[in-house]
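# Commentary on secondary and tertiary structure
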Amino acid sequence: ALTTFLSRAVSLIVNREQVKWYLPHLIWCFNWYSFMLLDWWLIFGWSDKPVHYWVYLFFYVKASLMVGISYFIVPGRQYTDLEKYYNSTRAILFGLLALFILSDIVDSALHGTENLHSLGASYFIKVGVATAFCIVSAVVSRKSVHIAIAFVMFAIGTATVLSFH
């Protein structure tokens, strides 16, 4: 997923003279890069856990979601109008992102029910709010809404990282 994202992003940067940049798209690219790094960091939490079939299947599905999001968030070289691309792919992009966010509940549950309960109500509120924002982003096309949601999602991700200390 990270390789797909970075190779496609570099392609845009190399061809930057032909690209019509779009602020919501740029913010979401930054967010997705940050989410991938955070998820990669959290995966190391599995290094001391026994891996069974369901954990393997979960990681297979989650990795597939990540590759799909990476593919849809950054266009191929043939797309130069990022606003047009973003608006034409946002339903599938944010649908996949909502599934990715919800998959964190499965991840937490696979660590054990006591782990899931220890996360508290704030965890489920963050997941619910983030999922709701993805649904809104999938159906609403207003630029200001996308910018606001992207910044709030960045804040949620930052709060999540800061809560790990």
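Structure: above.
Below: a short report on this structure. Everything numeric in this text was worked out from a predicted model, so none of it was measured. (Residues numbered from 1 in each chain as written. Predicted model: local features only at pLDDT ≥ 70, side-chain atom pairs only at ≥ 80, totals over all residues. Heavy atoms only, no water.)

### Some remarks on the packing of aromatic side chains
The description of an aromatic ring pair uses the distance of the two centres, along with the angle that the planes make with each other. Formally: Only rings of Phe, Tyr and Trp enter the pairing, Trp through its six-membered ring, and a pair is recorded when the two centres are within 6.5 Å. The plane angle decides the type: under 30 degrees is stacked, over 60 is edge-to-face, the rest tilted. What counts as a helix is a DSSP run of H or I of at least four residues, what counts as a strand is a run of E of at least two, and both are numbered from the N terminus. To sort residues, take the accessible area from a 1.4 Å probe on protein chains only and compare it with the maximum for the residue type: under 20% means buried, over 50% means exposed, and anything in between is partly exposed. A ring has a charge above it when a Lys NZ or an Arg CZ is no more than 6 Å from the ring centre and no more than 35 degrees off the ring normal.
A full pass over the atoms with the stated rule returns 10 aromatic pairs. Ring centres 5.6 Å apart and planes at 45 degrees place the aromatic pair phenylalanine 30 and phenylalanine 154 in the tilted group. In this pair, phenylalanine 30 sits in helix 2 (residues 23–43) while phenylalanine 154 sits in helix 7 (residues 143–162), placing the two residues 124 residues apart along the sequence. Note on tyrosine 86 and phenylalanine 94: the rings are 6.1 Å apart at their centroids and 80 degrees apart in plane angle, and the pair reads as edge-to-face. Of the two residues, tyrosine 86 and phenylalanine 94, neither departs from the other in class, the shared state being buried. Linked through ring pairs, Tyr22, Trp28, Tyr86 and Phe94 together constitute an aromatic cluster. The ring of tyrosine 71 has arginine 8 lying over it, and the distance from NZ or CZ to the ring centre is 4.2 Å.

### A short note on helix 6 (residues 120–139)
Since the α-helix advances by 3.6 residues per turn, residues separated by three or four positions end up pointing in the same direction. Put simply, the rule reads: Every helix has an expected span of 1.5 Å times one less than the residues it contains. In this description, the arc belongs to the directions extending from the helix axis to the C-beta atoms. Contacts between residues were defined by any pair of non-hydrogen atoms, one from each residue, lying within 4.5 Å.
Here helix 6 is 20 residues long and its end C-alpha atoms lie 30 Å apart, about the 28 Å a rise of 1.5 Å per residue gives. Every buried residue belonging to helix 6 is among Tyr123, Val127, Ala130, Thr131, Cys134, Ser137 and Ala138, and all of these are buried. Projection of helix 6 onto a plane perpendicular to its axis shows the buried side chains occupying an angular sector of 120 degrees, all on one side. The exposed residues of helix 6 that point more than 90 degrees off its buried face are Ala121, Ile125, Ile135 and Val139. Along its buried surface, helix 6 packs onto helix 4 (82–110), helix 5 (113–118) and helix 7.

### A word on the nonpolar core
Heads up, the rule is: Here, nonpolar core means buried Ala, Val, Leu, Ile, Met, Phe, Trp, Tyr and Cys residues that are tied together by side-chain atoms lying within 4.5 Å of each other.
Ranked by internal contacts, the top residues of the largest apolar core, which has 36 residues, are Trp28, Trp32, Ile73, Phe94, Leu97 and Met153. Broken down by secondary-structure element, the contributors of at least two residues to this core are helix 1 (2–14), helix 2, helix 3 (53–73), helix 4, helix 6 and helix 7. Sorting elements by how many residues they give to this core places helix 4 first, with nine residues. In this view, phenylalanine 94 contacts Trp28, Tyr86, Cys134, Ser137, Ala138 and His146; residues no more than four positions away in its chain are not counted.

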